[in-house]
Every structure is written in structure tokens, then in C-alpha cells.
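Secondary and tertiary structure notes
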Amino acid sequence: MSKTLPFEDDTFDMIFHPVSNCYVQDVEHVWRECYRILKKGGVLLSGFMNPAFYLFGEGNKELQVVNKLPYNGLENKINQPEELIENFGVQFSHSLETQIGGQIKAGFQLVDLYEDKHHKGVITQYMPCYIATKGIK
């Protein structure tokens, strides 16, 4: 996702982009590439983590702020234990400005947004952990 995608411009009618931006540092590049390879009128369905999720770290029994945002797993391995890196990879958070605003900046018209609490852990009691958007080229 961090490189130019191997597809011609205006190739696809739809892109389903599940929660995966947490594994790439430059999310705005992802949105530009999605816009480039979608046909006019094409649909981007994307999901991403609520950036506030990364404030608390994974696996905490109590909510306690342990990270500053945006979270960068390459710079902050203290609060991302090795077992999590092995199981889930190095992760990054992104602001809503780069997640939602980045789609708009790439040229998408956002027509819908949905929040979901489907996540295990104490944080899901207090806030949605996932956001999904629908954008049209």
C-alpha cells in the first residue's frame, strides 16, 4: 500500500478497503492511489481505526493514556509489546484529518459514515473503535 499500485488509471468500479491503514505510515498516499485506479463514479468503501483507540494501548485492563497521537509503532515500541508486533505487525494511527480529510483531498465525495464498537477490550464500553466511510469518485 505504500507504493504505486500496479493498475492502470480508471480500472475499477469499486474498492473495498478493510481496516488496514494502521499498517501504513502515509495514508494519504493510499487515498490518492484509490482515487487514481477507480473509474469515474466508482465507489470506495473503507474502514479504519478510530485514532483515539491508540491513546490507551492494547490489552489494558483500565483506561490509562499511554501514547500520544498520532501513534507510530516504529518510534514507540515500549507501549506495543513484542508479542503484539509479532501477532499484529507494527501499527500506526492516523488523524481524522488524514483518514477522512485525506479522502476528500484526494477527490472523493464522502456520502456515508458509520461507527462500530466491534472490538474486544475495555475501550469498547466507552467509544466506537472503528469507522467506515463510503466515497464516490
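Quick look at the structure, then. (Residues numbered from 1 in each chain as written. Predicted model: local features only at pLDDT ≥ 70, side-chain atom pairs only at ≥ 80, totals over all residues. Heavy atoms only, no water.)

**Considering the environment of lysine 39**
As a reminder, the rule being used: Secondary structure elements follow DSSP: runs of H or I of four or more residues count as helices, runs of E of two or more count as strands, with numbering from the N terminus. Whether a residue is buried, partly exposed or exposed follows from its accessible area with a 1.4 Å probe, protein chains only, as a fraction of its type maximum: under 20%, in between, or over 50%, in that order. Residues count as neighbours in contact if any of their non-hydrogen atoms are within 4.5 Å of one another.
Here lysine 39 shows up in strand 2 (residues 38-49). According to the relative accessible area criterion, lysine 39 is partly exposed, its value standing at 32%. Here the alpha-carbon distance between lysine 39 and lysine 137, two residues 98 residues apart in the chain, equals 7.2 Å. Residues contacting lysine 39, with those up to four places away along its chain left out, are Asp10, Thr11, Phe12, Asp13 and Lys137.

**Side note on helix 1 (residues 27-37)**
Stated formally: Polar contact is the term for a pair of N or O atoms within 3.5 Å; when the atoms are in protein, one must be able to donate a hydrogen and the other to accept it, and sequence-neighboring residues count only if both atoms are side-chain atoms.
The buried fraction of helix 1 is high, at 8 of 11 residues. Restricting attention to buried positions, one finds in helix 1 the residues Val27, Glu28, His29, Val30, Trp31, Glu33, Cys34 and Ile37. For helix 1, the elements touching its buried residues are strand 1 (12-17), strand 2 and helix 4 (96-106). Near the N-terminus of helix 1, the side chain that reaches the backbone nitrogen of glutamate 28, with its oxygen 3.3 Å away, is that of aspartate 26.

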